[in-house]
Amino acid sequence: MIRLRYPLLLIVLLAGSPANARAAERALIVVGLTAGETQAARLQAHTQVLREGFAARGISAEAIRVLGVSGERPRRADLLAALQPAASATVSDETWIVLLGTASVRGGEPSFQVAGPRLTATDLAEAVKVLPGRKFVVIGTTASGGFLAPLLASPDVEAVAATADSGEVNEPRFAEAWAEALVAAPRASFAELAAAAAGRVASFYESRSLAQGEHARMIERASGKIIEAPFAPDAAPAVTSANRVAGSTPGISAAEIEIPKPSTDTETERRPATTETRALIAEARAAAKDGAHAAIFLRRDTEVIVSRDFAVLERHRTRAYVRTGEALDDLGTLLLPSNPPDLLTRLEGARVITPDGSQVLVNPSSLDKRNAADQREADAARAQGRPTGPAAPPFLPLPEVTAGCIVEAAWTVERRSSGTLPEFSEEWSVSETYPVLAGKIGVTTPTDARWRVFAPNLPAAGVVENAEARTRTSTWTLTNVPAFAPRLGDAAPRRVAAWVGVSSLASWEAFASWYQRLTAGSATSGPAVAALAEEIARAHPDRAGRLRLAYERVSALRYVAIKLGVGAFRPRTPEQVWTQRYGDCKDKANLLVAVLGQLGIPAEFALVNRFDHTFTDWPAWQFNHALVRVPAAPADGQPHDLWLDSTDRLVPFGVVAPGNLGRHAFAFNAQGVGAFHEITAAQEAKSEWREQFYFAAERSTWTLRVTATGSADVTLRRLFAGLSSGVIAERIQAMLGWRAGPVKRVAAADPYDLATPFEVTVELVGTAESLASERPRLLIPGLELFRARLATFSDELWWDDGRTWTVYRGQDDTATGGEIPGRVSKNFMPLLLP
């Protein structure tokens, strides 16, 4: 069975009214399947907060029961049994039911992942229906909105859901916010708690300038409808999923982009200013006044139509304001790639509105004629055997673009399916490097059940089905989408950036089957691989030694990215890779699996989204990297899973390569069955960075010795890899910032020799008072920038995939130490050495 990225925490709280002595006061908390220790710990913390809140509400400790802790695996039958009414239950009872965690849609119905058969929305509604008295249901899962409709049929049920039906974040913050609201006001009404939780969630996203990826919905009994947040009685009218916007920007026109058609056949046409163009310039200036970005998108519209044959039609329309000259390269040139007949980009129109409101129109037909003429000339040259020269670049420079201009463009992209891949998986970015003040995204797909549209960081979409065309269109109307530019310490980009994805894969089981068909035959080994395995076996009789040497031999191979057609997905055979001594990530991972197999060590080929996040509730091609999982073998001295990334030649054996830790890898076992596993550093050495100074008085020389372990060792190797001793000396001199004297000599080990500990020794001219008068800065790359962000950050920061580094700075016989915490929460300042 595929393990989920996010576990299910099902909390069923059966609480009586404190005001009624005869009312039942019971609480049942059930923790479902978990995929990792980090997630399990967080869920246990939520459980404790809920315990405290309901205890404060009046439920006795004896009446609070917890299932699913300490490795327990509750089943659907256990949950349904817990929901059965007590023999003494009366109509005066009040029943609180809270669901937290992850839901998926199976067979068209939302359901929870628990041990054994899943708990469906119908299961929940039927169990709640037979309970006497009033029922209050809180559903804090992803895709939780689908649970409300069955509950709406029971008139004595009030319910709130954390998200829309689908397409929102994996683990909503609403559940945590609801628990906090309960602790803050334990005797508040159901509606008050829901409103408080929704307000906390909205404040969280707004304070961090993030696109809100979860939107609570609630059953309103007064109207008999499902409404959306805000829920407070004095709040603004609820917004439905069909017309939701993320905010508003006064003064910015939301009008559709309509670019005038040129009236001549010339490539460009000049026109005077109009009332419309002057108004657009004025609005743009007002919107960009005192802005922090070199440009803003006044409007950005995208329409995507995906056909059953995997052909794609994209329509793009943008209106951008160039605030400063820094944005000229980005907005003054259009990227229009074309490779007929598989890929065709066609310009529909372009207009430059100058600061005084006058216009320059670009004629799409003249551009088409010029491209056609270039193509005829190239065809004629090839027919005559003459050199054709390079193909025309896919860039179109726009005329007279300067700071203060508005640039409008409209183009379409048509992509035919190559037929290489039997499934469809594609993503489109919504976030830009500049803010988007207004926009609309529409995605049309077939209505077949296997097609899924996914937008985890966007509001709920309005959905319209066309029965005649058998298509479904999801539409998002947005305002104030913040600029997206990842910085040191930020979370994984796909967790916070706005994007939309489409996949034809109905499940991860289908994904595994598809990938196995795609890679059939790629695991075939030959005599060269067998000889390599025999050589390793002779050198090391023990399993640990064979594992290490196999990893080091494969890691030493040259990395060459191969992404031609199906080669972007299918690895070459181990025999090819070892014989030719190069390969990309999937080639080297495939070879390592084969070598370990020859040595009798089970290993699995695994896919991962390195440096980013994989949404495990959306089956799709979300991977950019391949590595190897060696399953835990306690009997052989390996108590934990071992993750081997042979792509990075600077990562020593046993260290999780940067960008992999905490990610979820999809690994294939010997039978080709795929499952998600969280990449942990259970067997990794602690990350330590040591800088030790020794002073030789007779020579007035300081000797600096730098060593590291764990992930810090990878950083140290990268700092000096490929550099000459002279360049290393200059870099150290600049990084130390030490005015006592120059670097005299540098000695560094081979950073690519993974079998030998890496260290750097530096001799510097100085005196005994040098370090006392001016303490050199630590050599750790990125540390100064990380320090600078600590003073201004508003969200959690990450250092080295969440690893904590221990830093030692020694001077002769004295030493000091400190830590760089892997995760830095707001209002917490870590101890960093000066």
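Residues numbered from 1 in each chain as written. Predicted model: local features only at pLDDT ≥ 70, side-chain atom pairs only at ≥ 80, totals over all residues. Heavy atoms only, no water.

Caption draft 1: Inspection of the overall build of the protein at higher detail. Of the regular secondary structure elements, the protein holds 19 helices and 40 strands. The buried share of the protein, reckoned over its 834 residues, is 50%. A sequence separation of at least 24 residues applies to 71% of the contacts in the protein between residues at least 6 apart. Surface exposure of the protein reaches about 36600 Å², of which carbon and sulfur atoms provide 53%. (Helix = DSSP H or I, 4+ residues; strand = E, 2+ residues; numbered from the N terminus. Buried < 20%, exposed > 50% of the residue type's maximum accessible area, 1.4 Å probe, protein only. Contact = heavy atoms within 4.5 Å. Areas by Shrake-Rupley, 256 points an atom, 1.4 Å probe, with all protein chains shown as cover.)

Caption draft 2: Highlighting the sheet that holds strand S33 (residues 687–696). Spatial ordering of the open sheet is given by S35-S36-S34-S33-S38-S39, a layout of 6 strands whose pairing is mixed. Whereas interior strands pair on both sides, the edge strands pair on one side only; in this sheet they are strand S35 (743–748) and strand S39 (814–820). Along the sheet, successive strands turn relative to each other by an average axial angle of 15°, direction set aside. Running at roughly 125° to strand S34 (residues 701–709), helix H16 (residues 711–720) makes contact with S33, S34, strand S36 (759–765) and strand S38 (805–811) of the sheet. (Pairing = 2+ DSSP bridges. Axes fitted to C-alpha atoms, helices over the stretch in contact; angles between N-to-C directions.)

Caption draft 3: Spotlight on the packing of aromatic side chains. Under the criterion given, the structure shown has 40 aromatic pairs. Aromatic pair Phe-511 and Phe-666: ring centres 5.4 Å apart, planes at 85°, arrangement edge-to-face. In this pair, Phe-511 sits in helix H11 (residues 508–518) while Phe-666 sits in strand S31 (residues 664–668), placing the two residues 155 residues apart along the sequence. For Phe-511, a relative accessible area of 0% corresponds to the buried category. With a relative accessible area of 0%, Phe-666 lands in the buried category. Cluster of aromatic residues (ring-pair linked, three or more members): Trp-508, Phe-511, Trp-514, Tyr-515, Phe-569, Phe-605, Trp-621, Phe-623, Phe-666, Phe-668 and Phe-676. Above the ring of Tyr-752, the side-chain terminus of Arg-649 is found at 4.4 Å from the ring centroid. (Phe/Tyr/Trp six-rings, centres within 6.5 Å; stacked < 30°, edge-to-face > 60°. Lys NZ or Arg CZ within 6 Å of the ring centre and 35° of its normal.)

Caption draft 4: Representation of the sheet that holds strand S32 (residues 674–678) in the model. Taken together, the 5 strands give an open sheet; going across it, the order is S30-S29-S28-S31-S32, and neighbouring strands pair in antiparallel fashion. The open sheet has two edge strands, strand S30 (642–644) and S32, and neither has a second partner. Across the sheet, the mean angle from the axis of one strand to that of its neighbour is 35°, orientation sign disregarded. Here 3 bridges tie strand S29 (residues 625–630) to S30, and the two strands are oriented antiparallel to one another.

Caption draft 5: Region of interest: helix H19 (residues 783–790). Within H19, the full set of buried residues consists of Leu-783, Phe-786, Arg-789 and Leu-790. Looking down the long axis of H19, one finds its buried residues gathered within 120° of arc, a one-sided arrangement. Where the residues of H19 are buried, they touch strand S37 (797–798), S39 and strand S40 (823–824). (Arc of directions from axis to C-beta.)

Caption draft 6: Highlighting the confidence of the model for the protein. Across the protein, the average pLDDT comes to 83, with 87% of residues at or above 70. The model gives residues 1–22 a pLDDT under 50, and that stretch makes 122 contacts with residues more than four places away or in other chains. (pLDDT = per-residue confidence, 0-100.)

Caption draft 7: View of the nonpolar core. Of all hydrophobic cores here, the largest spans 47 residues; its most connected members are Phe-511, Leu-596, Val-630 and Leu-644. For this core, the leading source of residues is helix H15 (residues 585–598), giving 8 residues. Those residues in contact with Phe-511 that sit more than four places away from it in its chain are Leu-505, Leu-607, Ala-620, Trp-621, Phe-623, Phe-666 and Phe-668. Counting 44 residues, the second-largest nonpolar core is a separate cluster that includes Ala-294, Tyr-434, Val-453 and Ala-455. (Core = buried A, V, L, I, M, F, W, Y, C linked by side-chain atoms within 4.5 Å.)

Caption draft 8: Layout of unusual backbone geometry. Looking along the chain, the bond that leaves Ala-229 and enters Pro-230 is cis, with omega of 10°. Inspection of the secondary structure puts Pro-230 in the loop between strand S11 (225–228) and strand S12 (268–271). If you check the backbone angles, Asp-290 has positive phi at about 60° while not being a glycine. Tracing the chain through its elements places Asp-290 in the loop between helix H7 (275–288) and strand S13 (295–306). When its relative accessible area of 71% is taken as the criterion, Asp-290 is described as exposed. Phi is positive for Asp-800, close to 50°, though the residue is something other than glycine. Structurally, the position occupied by Asp-800 is in the loop between S37 and S38. Classification of Asp-800 as buried rests on a relative accessible area of 18%.

Caption draft 9: Representation of the pattern of salt bridges in the model. What the rule picks out here adds up to 39 salt bridges. Of the charged contacts, one joins Glu-465 and Arg-472 as a salt bridge, the two residues approaching to 3.2 Å between their closest N and O atoms. Here Arg-803 ties to Asp-801 by a salt bridge, and the two come within 3.7 Å at their closest N and O atoms. Like Asp-801, Arg-803 is buried. Each of Arg-663, Glu-684, Asp-800, Asp-801 and Arg-803 takes part in one network of salt bridges that share partners. (Salt bridge = Lys/Arg side-chain N within 4 Å of Asp/Glu carboxyl O.)

Caption draft 10: Quick look at the side chain of Arg-494. With respect to the helices and strands, Arg-494 occurs in helix H10 (residues 493–496). Residues in contact with Arg-494, not counting those within four places in the same chain, are Glu-427, Asn-457, Trp-499, Asn-609, Asp-612, His-613, Thr-614, Phe-615, Trp-618 and Gln-622.

Caption draft 11: A look at the pairing of S36. The buried fraction of S36 amounts to 5 of the 7 residues, a majority that puts the element mostly inside the structure. By the bridge criterion, 5 bridges tie S35 to S36 in an arrangement that is antiparallel. Bridged to Arg-745 within S36 is Glu-763.

Caption draft 12: Representation of the pairing of strand S24 (residues 471–481). Bridge analysis of strand S21 (residues 436–446) against S24 gives 10 bridges, and the strand direction is antiparallel. From the neighbouring strand, Gly-439 faces S24, where its bridge partner is Leu-478. Sheet topology note: the strand S23 (residues 462–466)/S24 ladder contains 5 bridges and is antiparallel. Pairing of Val-464 across the sheet is with Thr-473, part of S24.

Caption draft 13: Inspection of the packing of helix H5 (residues 174–184) against helix H6 (residues 190–207) at higher detail. Two elements in contact, H5 and H6, have axes separated by 8 Å at closest approach and are oriented at 125°. What the angle tells us is that H5 and H6 run oblique. Here the hand of the crossing between H5 and H6 comes out right-handed. Residues Phe-174, Ala-177, Trp-178, Glu-180, Ala-181, Leu-182 and Ala-184 of H5 lie in contact with H6, whose contacting residues are Leu-193, Ala-194, Ala-196, Ala-197, Ala-198, Arg-200 and Val-201. Of the residues belonging to the contact of H5 with H6, the class tally is 12 nonpolar, no polar and 2 charged. (Parallel < 35°, antiparallel > 145°, perpendicular 65-115°, else oblique. Left-handed = near helix turned anticlockwise from the far one by under 90°. Nonpolar A, V, L, I, M, F, W, Y, C, P; charged D, E, K, R; others polar.)

Caption draft 14: Local environment of the packing of helix H12 (residues 527–539) against H15. Remark: H12 packs on H15, axes separated minimally by 9 Å, with the N-to-C direction vectors making an angle of 60°. With respect to H15, the axis of H12 lies oblique. Of the two possible hands of crossing, H12 and H15 adopt the one that is right-handed. The segment H12 lies against H15, with Val-529, Ala-530, Leu-532, Ala-533 and Ile-536 engaging Leu-591, Ala-594, Val-595 and Gln-598.

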